[in-house]
Amino acid sequence: MSVIDDIDCRLGNLLGMLDRLELDPVAFSSGRKGLYLAAAIPGCLSCSNVEQCRKWLDDDAATEQRAPDFCPNVQIFGWAREDQQAWRK
(Lines give C-alpha, C1' and ligand atoms only; values in the text may rest on other atoms or scores of the structure.)
Protein backbone atom coordinates (compact mmCIF):
# COMPACT_ATOMS: atom_id res chain seq x y z
CA MET A 1 0.00 0.00 0.00
CA SER A 2 1.39 3.40 -0.93
CA VAL A 3 1.68 6.21 1.58
CA ILE A 4 -1.19 8.06 -0.13
CA ASP A 5 -3.40 4.97 0.00
CA ASP A 6 -2.58 4.52 3.69
CA ILE A 7 -3.50 8.14 4.47
CA ASP A 8 -6.70 7.78 2.44
CA CYS A 9 -7.62 4.64 4.38
CA ARG A 10 -6.97 6.27 7.74
CA LEU A 11 -8.91 9.43 6.92
CA GLY A 12 -11.68 7.21 5.55
CA ASN A 13 -11.79 5.55 8.96
CA LEU A 14 -12.08 8.99 10.56
CA LEU A 15 -15.05 9.86 8.36
CA GLY A 16 -16.54 6.44 9.04
CA MET A 17 -16.19 7.02 12.77
CA LEU A 18 -17.98 10.37 12.50
CA ASP A 19 -20.78 8.69 10.59
CA ARG A 20 -21.05 5.72 12.98
CA LEU A 21 -21.08 8.02 16.02
CA GLU A 22 -23.59 10.34 14.34
CA LEU A 23 -21.27 13.31 14.62
CA ASP A 24 -21.88 16.12 12.17
CA PRO A 25 -18.67 16.48 10.12
CA VAL A 26 -19.17 20.23 9.73
CA ALA A 27 -19.66 20.72 13.46
CA PHE A 28 -16.73 18.39 14.19
CA SER A 29 -14.42 20.35 11.91
CA SER A 30 -15.52 23.74 13.20
CA GLY A 31 -16.32 22.95 16.84
CA ARG A 32 -13.93 24.44 19.36
CA LYS A 33 -12.46 26.43 16.46
CA GLY A 34 -11.43 23.30 14.61
CA LEU A 35 -9.55 21.76 17.53
CA TYR A 36 -11.46 18.46 17.38
CA LEU A 37 -10.47 17.88 13.78
CA ALA A 38 -6.94 19.18 14.33
CA ALA A 39 -6.48 16.77 17.23
CA ALA A 40 -8.19 13.77 15.59
CA ILE A 41 -6.21 13.73 12.35
CA PRO A 42 -2.81 12.99 13.96
CA GLY A 43 -4.46 10.34 16.11
CA CYS A 44 -5.82 8.59 13.02
CA LEU A 45 -2.62 9.01 11.03
CA SER A 46 -0.52 7.43 13.78
CA CYS A 47 -3.05 4.80 14.85
CA SER A 48 -1.78 1.24 15.13
CA ASN A 49 -5.31 -0.21 14.93
CA VAL A 50 -6.26 0.64 11.35
CA GLU A 51 -7.54 -2.84 10.45
CA GLN A 52 -9.33 -3.27 13.77
CA CYS A 53 -10.99 0.11 13.23
CA ARG A 54 -12.11 -0.83 9.71
CA LYS A 55 -13.60 -4.10 11.01
CA TRP A 56 -15.40 -2.22 13.80
CA LEU A 57 -16.79 0.27 11.29
CA ASP A 58 -17.87 -2.51 8.92
CA ASP A 59 -19.71 -4.43 11.66
CA ASP A 60 -23.34 -3.62 10.91
CA ALA A 61 -24.47 -5.42 14.06
CA ALA A 62 -22.51 -3.05 16.32
CA THR A 63 -24.69 -0.45 17.97
CA GLU A 64 -22.16 1.40 20.11
CA GLN A 65 -22.64 5.13 20.30
CA ARG A 66 -19.11 5.55 21.64
CA ALA A 67 -15.79 5.08 19.93
CA PRO A 68 -14.10 1.80 20.86
CA ASP A 69 -11.47 1.80 23.58
CA PHE A 70 -8.72 0.94 21.09
CA CYS A 71 -9.31 4.26 19.29
CA PRO A 72 -6.69 6.91 20.07
CA ASN A 73 -9.39 9.55 19.58
CA VAL A 74 -12.00 8.05 21.90
CA GLN A 75 -11.83 11.08 24.24
CA ILE A 76 -12.01 13.60 21.37
CA PHE A 77 -15.07 11.90 19.91
CA GLY A 78 -16.66 11.86 23.36
CA TRP A 79 -16.10 15.58 23.85
CA ALA A 80 -17.42 16.35 20.38
CA ARG A 81 -20.51 14.25 21.06
CA GLU A 82 -21.17 16.12 24.32
CA ASP A 83 -20.80 19.46 22.54
CA GLN A 84 -23.01 18.39 19.68
CA GLN A 85 -25.75 17.32 22.09
CA ALA A 86 -25.48 20.66 23.90
CA TRP A 87 -25.71 22.55 20.58
CA ARG A 88 -28.91 20.74 19.68
CA LYS A 89 -30.66 21.88 22.87
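Structural data are supplied above this passage.
Reading the values: the criteria
- Residues numbered from 1 in each chain as written.
- Predicted model: local features only at pLDDT ≥ 70, side-chain atom pairs only at ≥ 80, totals over all residues.
- Heavy atoms only, no water.
- Axes fitted to C-alpha atoms, helices over the stretch in contact; angles between N-to-C directions.
- Helix = DSSP H or I, 4+ residues; strand = E, 2+ residues; numbered from the N terminus.
- Parallel < 35°, antiparallel > 145°, perpendicular 65-115°, else oblique.
- Left-handed = near helix turned anticlockwise from the far one by under 90°.
- Contact = heavy atoms within 4.5 Å.
- Nonpolar A, V, L, I, M, F, W, Y, C, P; charged D, E, K, R; others polar.
- Polar contact = N/O pair within 3.5 Å; in protein donor to acceptor, adjacent residues only side chain to side chain.
- Salt bridge = Lys/Arg side-chain N within 4 Å of Asp/Glu carboxyl O.
- Buried < 20%, exposed > 50% of the residue type's maximum accessible area, 1.4 Å probe, protein only.
- Core = buried A, V, L, I, M, F, W, Y, C linked by side-chain atoms within 4.5 Å.

Outline the packing of helix α1 (residues 3-20) against helix α3 (residues 35-45), listing residues and values.
At a closest axis distance of 9 Å, the pairing of α1 and α3 adopts a crossing angle of 130°. Considering their axes alone, α1 and α3 lie oblique with respect to each other. Considering the relative orientation of α1 and α3, their crossing is right-handed. Every residue of α3 that contacts α1 at Ile7, Arg10, Leu11 and Leu14 is listed here: Leu37, Ala40, Ile41, Cys44 and Leu45. For the contact of α1 with α3, the per-class residue count stands at eight nonpolar, no polar and one charged.

With reference to specific residues and values, describe unusual backbone geometry.
We note that glutamate 22 has phi near 55°; this positive angle belongs to a residue other than glycine. Tracing the backbone shows glutamate 22 in the loop between α1 and α2 (25-30). Here lysine 33, not a glycine, exhibits a phi torsion of approximately 60°, which is positive. Tracing the chain through its elements places lysine 33 in the loop between α2 and α3.

Provide a residue-level description of the side chain of glutamine 84, including the pertinent values.
Among the structural elements, glutamine 84 can be located in helix α5 (residues 74-88). Here glutamate 22 takes part through its backbone oxygen, which lies 2.8 Å from a polar atom of the side chain of glutamine 84. Apart from residues no more than four positions distant in its own chain, glutamine 84 is found in contact with Glu22, Leu23 and Asp24.

Explain the pattern of salt bridges to me, using residue names and the numbers behind them.
Side-chain pairs of opposite charge can arise where the charged atoms are in close proximity. A full pass over the atoms with the stated rule returns four salt bridges. A salt bridge links aspartate 83 to arginine 32; the nearest nitrogen and oxygen atoms lie 2.8 Å apart. Of the two residues, aspartate 83 is situated in helix α5 and arginine 32 in the loop between α2 and α3; the sequence distance between them amounts to 51 residues. The class of aspartate 83 is buried, set by a relative accessible area of 12%. On the basis of relative accessibility, which here comes to 52%, the residue arginine 32 falls in the exposed class.

Break down the nonpolar core for me, citing the residues and quoting the values.
One finds Met17, Leu21, Leu23, Phe28, Ala67 and Phe77 to be the most contacted residues of the largest nonpolar core, which totals 17 residues. Leave out the neighbours within four places in its chain, and methionine 17 touches Cys53, Trp56, Leu57, Ala67, Pro68, Cys71 and Phe77.

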